[in-house]
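# Coordinate inspection notes
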Amino acid sequence: MNNILIQGDNLDALIYLRDNLNLRHSVDLVYIDPPFATGGEFKTDANGRVATISSSSQGEIAYSDKLKGKDFIEFLRERIVIIHDLLSDEGSFYLHIDYKIGHYVKVMLDEIFGMEHFRNDITRIKCNPKNFSRIGYGNIKDMVLFYTKGKKPIWHEPQVPMSDEDISKLYSKVDKDGRRYTTVPIHAPGETKDGKSSQPFKGILPPPGRHWRCNVEELEKLDAQGLIEWSSKGNPRRINYADEHHQKKLQDIWNFKDPIKPKYPTEKNHEMLQTIIKASSDEQSIVLDCFAGSGGTLVEANNLNRRWIGVDKSNTAINTIRKNLQENGVFVSDTSYDFIKL
């Protein structure tokens, strides 16, 4: 399949992808950043400058965000039902949304995907603190709702580098050689009967309701290597050294601020898009963004050797996407992607 850029209403485009191109159950990752039900319009001025908060009445409309309340929820529902059809059994869905409407959207997504396939409500720090006068606390965040189609999605756990502060906090102990370390339990929840992880280790059984994290032979090897620390009361714990763990798991609060000078009113942080694409797709997976905006998802999918499908309706968005793709070495003339107008 060639990469595809579609100009048209994304409901028509999604139906076209499902019914005409036979892509049902073929897409491994969908990221969408739809309008946030703000009631406003977002524009570029005569010089092509982008306004993300306020804009000139003479500007060209990049996209309209007039739908609100139940009409907005239904607008999303119609599209996400088809997105669910397009997703593969290993597929993932990320919806970027404003905190004011996001929790209502989640109820609708629970109905489509099933609550058991809800993975995360991710808080995304979007900007520096503002000092606007208002009743309420300053807003520096929006949210990303993460669902999977099935129980075994594509997943490459994101890791981030640890800072010196992280290392000091997480590895608070220091051994005789000056190496920082911490200790973790060698048992885990759940009893096992007659298994190797339920046998005595140094004459000690796992605590009630738990089992050893590995078999006793492996625990003996760790102890012989000096990687088991024994407390004064004779409780064993596994030693983890800081210099062997340079990264930590990415948590559900993301500090990916938006560009200061965006190409398009809704352009999102490209490092965030890279993180999502790397975590929830493989090389040659199909990545879909049907609210493509500036085309950031398409650019990063292409950079990471994924196939991609982008959809947007406005001329401003399509022109921005094409320019963005071209600046990143993707040209329509060399069959890098097909352009379809519905």
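Residues numbered from 1 in each chain as written. Predicted model: local features only at pLDDT ≥ 70, side-chain atom pairs only at ≥ 80, totals over all residues. Heavy atoms only, no water.

## Some thoughts on the overall build of the protein chain
- Looking only at helices and strands, the protein chain has eight helices and 19 strands in total.
- For the protein chain, with 342 residues in total, the buried portion stands at 46%.
- Considering only contacts in the protein chain between residues 6 or more positions apart, those separated by 24 or more positions represent 68%.
- Roughly 18,500 Å² of accessible area belongs to the protein chain as shown, and the carbon and sulfur atoms make up 48% of that amount. (Helix = DSSP H or I, 4+ residues; strand = E, 2+ residues; numbered from the N terminus. Buried < 20%, exposed > 50% of the residue type's maximum accessible area, 1.4 Å probe, protein only. Contact = heavy atoms within 4.5 Å. Areas by Shrake-Rupley, 256 points an atom, 1.4 Å probe, with all protein chains shown as cover.)

## Quick word on the nonpolar core
- Grouped together as the largest cluster of nonpolar side chains are 38 residues, with contacts concentrated most on Ile80, Phe93, Val105 and Leu109.
- No other element matches the eight residues that helix α2 (residues 69–86) contributes to this core.
- Apart from the residues lying within four places of it in its own chain, the contact partners of Val105 are Phe72, Ile73, Leu76, Leu95, Ile97 and Leu145. (Core = buried A, V, L, I, M, F, W, Y, C linked by side-chain atoms within 4.5 Å.)

## A short note on the packing of α2 against helix α3 (residues 99–113)
- α3 packs onto α2 with a crossing angle of 35° between their chain directions and a minimal axis gap of 10 Å. Helix-helix and strand crossings are classified by hand; for α2 and α3 the assignment is right-handed. From α2, Phe72, Ile73, Leu76, Arg77, Ile80, Val81 and His84 reach across to α3, where they touch Ile101, Tyr104, Val105, Met108, Leu109, Glu111, Ile112 and Phe113. (Axes fitted to C-alpha atoms, helices over the stretch in contact; angles between N-to-C directions. Left-handed = near helix turned anticlockwise from the far one by under 90°.)

## What to know about the pairing of strand β2 (residues 27–32)
- The element β2 is extensively covered by neighbouring structure, given that six of its six residues are classed as buried.
- As paired strands, β2 and strand β5 (residues 87–97) are joined by five bridges and run parallel to one another. Of the residues in β5, the one forming a bridge with Val30 is Phe93. (Pairing = 2+ DSSP bridges.)

## Things to note about the pattern of salt bridges
- The tally for this structure, following the rule as stated, stands at 19 salt bridges.
- Note that Asp85 and Arg18 form a salt bridge whose closest N and O atoms lie 3.2 Å from each other. Here Asp85, found in helix α2, pairs with Arg18, found in helix α1 (residues 10–20); they are 67 residues apart in sequence, far enough to count as distant.
- Judged by its relative accessible area of 18%, Arg18 is buried.
- When the shortest N-O distance is used, the salt bridge between Asp110 and Lys106 registers 2.8 Å. Of the two residues, Asp110 and Lys106 both sit in helix α3, four residues apart, roughly one turn of that helix.
- Exposure remark for Asp110: the relative accessible area of 13% places this residue in the buried category.
- The structure contains a network of salt bridges with shared partners spanning Arg18, Asp19, Arg24 and Asp85. (Salt bridge = Lys/Arg side-chain N within 4 Å of Asp/Glu carboxyl O.)

## Observations regarding the sheet that holds strand β10 (residues 180–185)
- Taking strand neighbours across the sheet as the criterion, the four strands line up as β9-β10-β14-β13 in an open arrangement whose pairing is antiparallel. What marks the edges here is a single partner per strand, and that holds for β9 (173–174) and β13 (228–230).
- Two strands pair when backbone bridges link them, and β13 and strand β14 (residues 236–241) are joined in this way by three bridges, in the antiparallel orientation. Of the residues in β14, the one forming a bridge with Ile228 is Arg238.

## Notes on the packing of helix α6 (residues 270–280) against helix α7 (residues 296–303)
- One way to put it is that α6 packs onto α7 with a least axis distance of 9 Å and a crossing angle of 55°. Judged by the angle between their axes, α6 and α7 are oblique. The element α6 and its partner α7 pack so that their crossing is right-handed. Side by side, α6 and α7 meet where His270, Leu273, Gln274 and Ile277 of the first sit next to Gly296, Thr297, Glu300 and Ala301 of the second. (Parallel < 35°, antiparallel > 145°, perpendicular 65-115°, else oblique.)

## Description of the packing of aromatic side chains
- For the structure on display, the rule yields 12 aromatic pairs.
- Taken together, a centroid distance of 4.3 Å and an interplanar angle of 5° make the contact between Tyr94 and Phe146 stacked. Remark: Phe146 occurs in strand β7 (residues 141–148) and Tyr94 occurs in strand β5; sequence separation between them is 52 residues. An identical accessibility class is assigned to Tyr94 and Phe146; each is buried. (Phe/Tyr/Trp six-rings, centres within 6.5 Å; stacked < 30°, edge-to-face > 60°.)

## Describing α7
- In terms of burial, α7 is a largely internal element, six of the eight residues being buried.
- Here α7 has its buried residues at Gly296, Thr297, Leu298, Val299, Glu300 and Ala301.
- Each element contacted by the buried residues of α7 is listed here: β1 (3–7), β2, α6, β17 (286–289), β18 (307–312) and α8 (315–327).
- Residue Asn305 follows α7 closely and has a positive phi angle near 65°.

## So, the side chain of Ser92
- Residue placement: Ser92 occurs in strand β5.
- A relative accessible area of 0% places Ser92 in the buried class.

## Description of the sheet that holds β7
- In space, the nine strands of this open sheet follow the order β16-β6-β7-β5-β2-β17-β18-β1-β19, with mixed pairing throughout. Of all strands in the sheet, those bounded by a partner on one side alone are β16 (253–254) and β19 (337–341).
- Those strands touched by α2 are β2, β5 and β17, and its axis lies near 155° from that of β5.
- Strands β1, β2, β17 and β18 of the sheet are contacted by α7, whose axis makes an angle of about 170° with β18.

## Quick word on helix α5 (residues 216–224)
- Among all positions in α5, only Val216, Leu219 and Leu222 are buried. All buried residues of α5 project into a common sector of 115° when viewed along the axis, lining one side. For α5, exposure combined with an orientation more than 90 degrees from the buried face picks out Lys221 and Ala224.
- Where the residues of α5 are buried, they touch β12 (210–212), β13 and β14.
- Count one or two residues on from α5 and you reach Gly226, which has phi positive near 75°. (Arc of directions from axis to C-beta.)

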